[in-house]
Each structure stands twice: as structure tokens, then as C-alpha cells.
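Close look at the chain arrangement
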Amino acid sequence: METPNLLTFAGILAAAGINVGGWLVAWGALKGAVAALTGRVAALEAETKAMEELKLDVARLEVRLVALVEQLRDLNAQLRDAQIRWLREPSRGGRRAARSAATLSEGA
């Protein structure tokens, strides 16, 4: 082979080698990116699962809170009814007892 043909052939081989090397580097980078994304997908799935569990916990707490608010309303209504009954029944002490205690404290 003559020298110019040999240099041309060497140049073509070098260009092909560089091209294949570039493809291999790009393939490695793409493989690394896919591996990193796969890891992030797994982490996001775990976070999604945790969020779903948190949503269920919040729903359970909301149900309990509603039940507690209803109980509080019932107790408040019962207390109000008992207070009204106590104020309306002076024979059991109600207002008369309060008035007599006030009169005794004023006289002292």
C-alpha cells in the first residue's frame, strides 16, 4: 500500500473507532440514566405508598374526630338541659338556695 492510501485507511479506521467509542459512551450514559431513573421510580413508589397510608390514617382520624364532636355536642346539650332543669326547679335548691346563700353573705 502506498503511504497516502495507508494514511486514508488509518484515518477511516480512526474515525470509525471514534464513532464506535462515542456510541459506547452514549450507551453507557444512557444506561446510567436509566438506572438512576429506575432508582427514583422505586423511591417515588415508596413515597406514594407512604402517602396512601397517610391518607388512610387521616381518614380514620377524621371519622374519630367527627364521632368525638358528636359526643361533645350531645354532652353539651345534656348539660344545657340539666342546667335549665336545675334553674326551673327551685324546690330542689336551684335559685332559692342561691338567693339564700347570697342573702347570708350580704348580711355577714
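The following paragraphs examine the structure supplied in this document.

Conventions we followed
Residues numbered from 1 in each chain as written. Predicted model: local features only at pLDDT ≥ 70, side-chain atom pairs only at ≥ 80, totals over all residues. Heavy atoms only, no water. Helix = DSSP H or I, 4+ residues; strand = E, 2+ residues; numbered from the N terminus. Buried < 20%, exposed > 50% of the residue type's maximum accessible area, 1.4 Å probe, protein only. Areas by Shrake-Rupley, 256 points an atom, 1.4 Å probe, with all protein chains shown as cover. Patch = residues over 30% accessible without salt bridge, like charges linked within 9 Å, V, L, I, M, F, W, Y side chains within 5 Å. Salt bridge = Lys/Arg side-chain N within 4 Å of Asp/Glu carboxyl O.

Describing the overall build of the protein chain
For the protein chain, the helix and strand inventory stands at 2 helices and 0 strands. When each of the 108 residues of the protein chain is scored for burial, the buried share is 2%. Summed over all atoms, the accessible surface of the protein chain reaches about 9700 Å², with 66% contributed by carbon and sulfur.

Here's the deal with a nonpolar patch on the surface
A cluster of nonpolar residues, Met51, Leu54 and Val58, forms a patch on the protein surface that exposes about 280 Å² of accessible area. Mapped onto the elements of the fold, leucine 54 is located in helix α1 (residues 3-88).

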